[in-house]
Amino acid sequence: MRHRSMAIVTISCVLLSACTDGPIAEADAVREGQLIYAKECSACHGARGEGVGSASLTLGVVPPNLTGLKQRNDGYFPREFVSRFIMGRLEKDAPASRMPDFSMVGLRHVYPNGGADGEVLETDFANLLDYLEAIQK
Ligand code: HEC
């Protein structure tokens, strides 16, 4: 009897740790994405995506509030649109606004020494999108 309950305890621990893998991995991705956001985007889009970073003052156009992407899209985070926009695959409303085309410049503030060869690594990009999704109102 004693052995049996030990076995059950062990099994539930294994199951529990398997269950916590998901959320913990997700939290890491969001944290990584936040670091990338802080270095590459916050100057224009604000510290928390609210759209008023210091560099935005000279752009002649107010960078959109990135926490409202979901609200502006019928309650659904437009991951595909956002990823195409960042990678310069969509026509800009304001071509003179100088939002960088990140497929051209890479994450140059994250890798100032050219660590990623100017390419945006898939995991970095996924983390950035996860962060943006996490800050939606
Ligand atoms: C130099 C300033 C600047 C930087 C840096 C910048 N943006 Fe932007 N962003 C803008 C401006 C201005 C717009 C407004 C529209 C345009 O460019 O056509 C914009 C638009 C967007 C949009 C479209 C939003 C909408 O509702 O249409 C997304 C998404 C976006 N930026 C995400 C990002 C992300 C993510 C980063 C960092 C990887 C970033 N931006 C870095 C200035 C910037």
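A few points on the structure. Within any chain, residue numbers begin from 1 and follow the written order of that chain's sequence. Whole-chain, interface and lining totals are the exception, using all residues; otherwise, since this is a predicted model, local features are given only for residues with pLDDT of at least 70 and side-chain atom pairs are given and counted only at 80 or more. Only heavy atoms go into the side-chain values, all of them from the structure, while hydrogens and water stay out.

1. Brief notes about the packing of aromatic side chains
Selection criterion: Classification of ring pairs rests on two measures: the distance between centres of Phe, Tyr or Trp rings, Trp counted by its six-membered ring, which must be within 6.5 Å, and the angle between planes, read as stacked under 30 degrees, edge-to-face over 60 and tilted in between. Secondary structure counts use DSSP, requiring at least four H or I residues in a row for a helix and at least two E residues in a row for a strand, with both numbered from the N terminus. When a residue's accessible area, from a 1.4 Å probe over protein chains only, is under 20% of the maximum for its type it is buried; when over 50% it is exposed; and in between it is partly exposed.
Inspection of every chain in the model, using the stated rule, returns two aromatic pairs. On the numbers, 5.4 Å between centres and 45 degrees between planes, the contact of Tyr37 with Tyr131 is tilted. Taken together, the positions of Tyr37 in helix α1 (residues 2-40) and Tyr131 in helix α5 (residues 122-134) put the pair 94 residues apart, joining distant regions of the chain. In this structure Tyr37 comes out as buried when scored by relative accessible area, which is 1%. Where Phe81 meets Phe85, the ring centres are 5.7 Å apart and the plane angle is 50 degrees; that geometry is what we call tilted. Taken together, the residues span about one helical turn, with Phe81 and Phe85 both in helix α3 (residues 79-86) at a distance of four residues. Taking relative accessible area as the criterion, Phe81 reaches 40% and is therefore assigned partly exposed.

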